[in-house]
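What follows is each chain in one-letter form.
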Amino acid sequence: MKLPGILNALMCFLDIVFNFLFIFVLNLGVKGAALGSACSALSVALLFLYFTLFKSEYLKFSGYKGFFFDENVIKKAVKLAAPVALESSAFSGALVVVTRIVSPLGAVSLAANSFATTAESLCYMPGYGISEAATTLVGQSFGAKRRDLVCSFSWITVFYGIFLMTVSGLAMFFACPLIFKFITPDPAIRALSVEVLRIELFAEPLFGASIVAMGALRGKGDTFVPSILNLFSLWVVRLSLSFILVKNYALKGIWLAMAVELCFRGLMMLARLAFGKNKKA
């Protein structure tokens, strides 16, 4: 778990370095930003590949000896991964639709939406870290057929995630004016960014619950139903409410819809974790 964290942190650092190089040194503008992000991602991907194939005690590739194609393993991997891949693609699509809803509101709303989204990511990053830990701990316990540990690790990590994201959300509630002052000199954008972000921050505890519970469910091999629930929450609850609320409340309505949807998603994931059928190891 330590190495992936270090490499992901390195990718963020390289992103800054490459963006500075391509944007300001080579004067490539927006194209430079895209090229810089691509180079940082590619560099870290190659490092991941190197450590996996040549340095990992269990995964390193040591020639063709013992290397085989197991059809059952491939089928199981596809069965587990396909819903997650579909969910990720649909999530990106939903964000595109939300941007389409925001864009007619004007440049100030579009910029505020972008800045608030960026600032909010500082709150949920701890949740995704705990989610990775939940997947690992629950997956190991599930493979060892320790149902007691599966239950314990699932709920311990969920409550830890809720606690961390409650704290991060509370800190962001008070710190966001300073963050937006650093990001943009425009007072109108800063004011609107603060207003919409503070609406969504009340959903951080249940957002944390949804993130970590999803990780625990994946550790048990439960990916299909949670992915369907996430798709329903995003495409039906959030987008429907966004279309309704944007008419009277503009950008605030869209972020209110997001807050409601995140709470709804958190409750669904908790219910799935508590009452969903347990797969056999």
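Structure: above.
Residues numbered from 1 in each chain as written. Predicted model: local features only at pLDDT ≥ 70, side-chain atom pairs only at ≥ 80, totals over all residues. Heavy atoms only, no water.

Per the secondary structure count, the protein includes eight helices and zero strands. A compact globule built from 281 residues would reach a C-alpha radius of gyration of about 19 Å, and the protein, at 21 Å, matches this within 12%. Dimensions of the protein, computed from C-alpha atoms along their principal axes, come out at roughly 60 × 50 × 30 Å. In the protein, which comprises 281 residues, the proportion classed as buried is 36%. Considering only contacts within the protein whose residues lie at least 6 apart along the sequence, 76% involve residues at least 24 apart. Accessible surface for the protein amounts to roughly 16500 Å². Of this, 72% is attributable to carbon and sulfur atoms. With 25 positive and 14 negative side-chain charges, the protein shows a spacing of 5 Å between the two charge centroids. (Helix = DSSP H or I, 4+ residues; strand = E, 2+ residues; numbered from the N terminus. Rg over C-alpha atoms; globule rule 2.2 N^0.38 Å. Buried < 20%, exposed > 50% of the residue type's maximum accessible area, 1.4 Å probe, protein only. Contact = heavy atoms within 4.5 Å. Areas by Shrake-Rupley, 256 points an atom, 1.4 Å probe, with all protein chains shown as cover. Lys, Arg positive; Asp, Glu negative; His and termini not counted. Charge placed at Lys NZ, Arg CZ, Asp CG, Glu CD.)

A surface patch of nonpolar side chains, amounting to about 650 Å² of accessible area, comprises F20, L21, F24, V25, L26, L28 and L35. The dominant element in the nonpolar patch, judged by the number of residues it contributes, is helix α1 (residues 2–25), at four residues. Considering the arrangement of structural elements, one finds F24 in helix α1. (Patch = residues over 30% accessible without salt bridge, like charges linked within 9 Å, V, L, I, M, F, W, Y side chains within 5 Å. Salt bridge = Lys/Arg side-chain N within 4 Å of Asp/Glu carboxyl O.)

This next bit is on the nonpolar core. Membership of the largest hydrophobic core comes to 30 residues, with the highest contact counts inside it found for M172, F180, L197, L251, I254 and W255. When contributions to this core are tallied by element, the ones reaching two or more residues are α3 (71–102), α4 (107–143), α5 (147–183), α6 (187–201), α7 (204–219) and α8 (224–275). Residues contacting L251, with those up to four places away along its chain left out, are V102, L105, S109, A112, N113, L192 and V196. M214, A216, M268 and L273 belong to the second largest nonpolar core, which has 17 residues in total. (Core = buried A, V, L, I, M, F, W, Y, C linked by side-chain atoms within 4.5 Å.)

Quick look at the packing of aromatic side chains now. Scanning all chains against the criterion turns up 10 aromatic pairs. Here the aromatic rings of F20 and F24 are separated by 5.6 Å at their centres, their planes lie at 45°, and the arrangement is tilted. One end of the pair, F20, and the other, F24, are both in helix α1, four residues apart, so they sit about a helical turn from each other. Ring geometry for F173 and F174: centres 5.5 Å apart, planes at 75°, overall edge-to-face. Residue F173 is classed as partly exposed on the basis of its relative accessible area of 25%. Using a relative accessible area of 59% as the deciding quantity, one classes F174 as exposed. (Phe/Tyr/Trp six-rings, centres within 6.5 Å; stacked < 30°, edge-to-face > 60°.)

The next thing to look at is the state of the cysteines. Structurally, a disulfide amounts to a covalent bond that connects the sulfur atoms of two cysteines. Counted under the stated rule, the structure contains zero disulfides. Here C12 stays free of any disulfide, with the sulfur of C39 as its closest cysteine sulfur at 16 Å. Distance from the sulfur of C176, which forms no disulfide, to the nearest cysteine sulfur (C123) is 8.8 Å. Accessibility expressed as a relative area gives 0% for C176, which makes it buried. (Disulfide = S-S within 2.5 Å.)

Here we take up the layout of surface pockets. Counted as a void, the largest pocket has a volume near 1000 Å³. Forming the walls of the largest pocket are 34 residues, and the residues nearest its centre are F91, Y124, Y128, F207 and R265. Residue assignment for the lining of the largest pocket shows that the elements contributing at least two residues are α3, α4, α7 and α8. By residue number, the principal contributor to the lining of the largest pocket is α4, which donates 11 residues. (1 Å grid on protein atoms, 1.4 Å probe; cavity = no way out; pocket = protein on both sides within 12 Å on 5 of 7 lines; lining within 4 Å. Points joined across faces, edges and corners; volume = space filled by probe spheres on them.)

Another aspect to go through is the environment of L234. Tracing the chain through its elements places L234 in helix α8. A relative accessible area of 3% places L234 in the buried class. Those residues in contact with L234 that sit more than four places away from it in its chain are F91, L239, E261 and R265.

With 15 residues, α6 ought to run about 21 Å at 1.5 Å a step, and its terminal C-alpha atoms sit 21 Å apart, in line with that. Within α6, the full set of buried residues consists of I189, L192, S193, V194, V196, L197, E200 and L201. Residues of α6 that are buried in the fold lie against α4, α5, α7 and α8. With a side-chain oxygen lying 2.9 Å from the backbone nitrogen of A188, the N-terminal cap of α6 falls on D186. (Expected span 1.5 Å × (residues − 1). Polar contact = N/O pair within 3.5 Å; in protein donor to acceptor, adjacent residues only side chain to side chain.)

Structural measurements only, silent on function.
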